[in-house]
Amino acid sequence: MSETIIDTSLGHILLELAPEGLVRVTQTKRAPTEVLPAEQHLVEQVRACLDGQIDGQHIPIVSQGSEFHQKVWEAMRQIPRGEVRSYSELAAMAGNPRATRAVASACGSNPYVVIVPCHRVVRRDRGLGGFSWGLDLKRQLLEREGIQVSADGYIR
């Protein structure tokens, strides 16, 4: 496994990479590093996704977490750009409609932030809910996808 720090529209991002794909995405204040030639294609895909140019649906990720978390993360990858789903809708998509709280936990522990678009998951009342990188960034990510968010944090 290797680490690379890239500069994106979201700031400096630390990528943990394995030969089979992306392991983790983390915000950092550390300076960007040189990208290894063997990782260049994957890093450019991730950067394009973080910058809002492509969806992360086809970026290879290294499976981790519980079986349920993996189902939730895979269901999140199916939410189209410019759309949102509630935690309860995501629970149904992951095959367990009664597991809303567990889905919220899986969203909060998502190691592939933005690549696996947990920012597209909102409360049933269309309020923003939570986001591990902060609600201001969640609002920014949704708005750059064309989703209108009211001043008090609700999807219009």
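Shown above is the structure to which this text applies.
Residues numbered from 1 in each chain as written. Predicted model: local features only at pLDDT ≥ 70, side-chain atom pairs only at ≥ 80, totals over all residues. Heavy atoms only, no water.

## What about the pattern of salt bridges?
Defined as follows: Here a salt bridge means any side-chain nitrogen of Lys or Arg lying within 4 Å of a carboxyl oxygen belonging to Asp or Glu. Each helix is a run of DSSP H or I of at least 4 residues and each strand a run of E of at least 2, with the numbering of both proceeding from the N terminus. Buried residues are those whose accessible area, probed at 1.4 Å on protein chains only, stays under 20% of the maximum for their type, while exposed residues exceed 50% and partly exposed ones sit between those limits.
Within this structure, the stated rule accounts for 8 salt bridges. Residue R24 pairs with E16 through a salt bridge whose shortest N-O separation is 3.9 Å. Among the salt bridges present, the one from R120 reaches D55, with a minimum N-O distance of 3.1 Å. Separated by 65 residues along the polypeptide, R120 in the loop between α4 (100–108) and β5 (121–122) and D55 in the loop between α1 (40–50) and α2 (67–77) bring together distant segments of the chain. On the accessibility criterion, R120 (1% relative accessible area) is buried. Overlapping salt bridges, with partners in common, bring together D55, R120 and E145 in one network.

## Regarding the pairing of strand β2 (residues 11–18)
Defined as follows: The pairing criterion is simple: DSSP has to find at least two bridges between the two strands.
In terms of residue burial, β2 counts as a mostly covered element, since 6 of its 8 residues are buried. With 7 bridges joining them, strand β1 (residues 2–8) and β2 adopt antiparallel strand pairing. For I6, the partnering residue across the bridge sits in β2 and is I13. Pairing analysis gives 6 bridges linking β2 to strand β3 (residues 21–27), with the strands arranged antiparallel. Bridged to L17 within β3 is L22.

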